[in-house]
Amino acid sequence: MAQTIWIHKLSDKQKAEADGMEYICEHLFQAVEQSGKLTKAKGWNMVPNASSKEGGSYRALFCDSCGKNYTAGHVRMAKDAVLV
């Protein structure tokens, strides 16, 4: 069974820090909340067409764990506010 990967939308400023990706996985989101910034680290996995079950496609940045477990159609949007 595939793992659902929750993604969070980035602010315009953070998109530049994330190599142009518009969303990050839950694990990277938690790291940003703890450190206050998005730090490029080993394990960044850019997925320019991460797809959801509903057919949406997102430019997303995943951690190693999410990158390894990603399967097309298993991405969901988180309900949290946009990171600023």
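Residues numbered from 1 in each chain as written. Predicted model: local features only at pLDDT ≥ 70, side-chain atom pairs only at ≥ 80, totals over all residues. Heavy atoms only, no water.

Novice: Before we go on, may I ask you to explain the nonpolar core in this structure?
Specialist: Taken as a class, soluble globular proteins show a tendency for nonpolar side chains to be buried jointly. Membership of the largest hydrophobic core comes to 22 residues, with the highest contact counts inside it found for Ile7, Ile24, Cys25, Leu61 and Phe62. Of all elements in the fold, only β1 (5–9), β2 (23–25), α2 (26–35), β3 (45–51) and β4 (57–62) reach the threshold of two or more residues within this core. Not counting residues up to four positions away in its chain, the partners in contact with Leu61 are Ala18, Met21, Tyr23, Ile24, Cys25, Leu28, Trp44, Asn45 and Met46. (Core = buried A, V, L, I, M, F, W, Y, C linked by side-chain atoms within 4.5 Å. Buried < 20%, exposed > 50% of the residue type's maximum accessible area, 1.4 Å probe, protein only. Helix = DSSP H or I, 4+ residues; strand = E, 2+ residues; numbered from the N terminus. Contact = heavy atoms within 4.5 Å.)

Novice: Sorry if this is basic, but what is going on with the pairing of β1 here?
Specialist: Put simply, side chains in a regular strand alternate between the two faces of the sheet. Pairing analysis gives three bridges linking β1 to strand β5 (residues 75–77), with the strands arranged parallel. Each bridged residue has a counterpart across the sheet, and for Trp6 the counterpart in β5 is Arg76. In terms of strand pairing, β1 meets β2 through three bridges, oriented antiparallel. Across the sheet, the residue bridging to His8 is Ile24, located in β2. (Pairing = 2+ DSSP bridges.)

Novice: Where do I start with the sheet that holds β3 in this structure?
Specialist: Two orientations exist for strands paired in a sheet by backbone hydrogen bonds: parallel and antiparallel. Taking strand neighbours across the sheet as the criterion, the five strands line up as β3-β4-β2-β1-β5 in an open arrangement whose pairing is mixed. Each edge of the open sheet carries a strand with a single partner, namely β3 and β5. With strand direction ignored, the average angle separating the axes of adjacent strands in the sheet is 40 degrees. The strands that α2 touches are β1, β2 and β4; relative to β2, the one it contacts most, it runs at about 95 degrees. (Axes fitted to C-alpha atoms, helices over the stretch in contact; angles between N-to-C directions.)

Novice: Help me understand the pairing of β4 in this model?
Specialist: Direction of pairing for β2 relative to β4: parallel, over a ladder of two bridges. Along β4, the bridge assignment pairs Tyr23 with Ala60. Judged from the five bridges that link them, β3 and β4 form a sheet pairing that is antiparallel. Along β4, the bridge assignment pairs Asn45 with Phe62. Hairpin connection of β3 to β4: five residues between the antiparallel strands, including Gly55 at a positive phi of 100 degrees.

Novice: Help me understand unusual backbone geometry in this model?
Specialist: Phi at Asp19 is positive, roughly 55 degrees, even though this residue is not glycine. If you trace the backbone, Asp19 turns up in the loop between α1 (12–17) and β2. On the basis of relative accessible area, Asp19 is assigned to the partly exposed category, the value being 34%.

Novice: Just checking my understanding: could you explain α2 for this structure?
Specialist: Count 3.6 residues to each turn of an α-helix, and residues three or four apart come out pointing the same way. Taken together, the buried positions of α2 are occupied by Leu28, Phe29 and Val32. Taken down its axis, α2 places every buried residue within 105 degrees of arc, on the same side. Residues of α2 that are exposed and angled more than 90 degrees away from the buried face: Glu33 and Gln34. On the buried face of α2, the contacting elements are β1, α1, β2 and β4. After α2 finishes, the residue Gly36 shows a positive phi value of roughly 85 degrees. (Arc of directions from axis to C-beta.)

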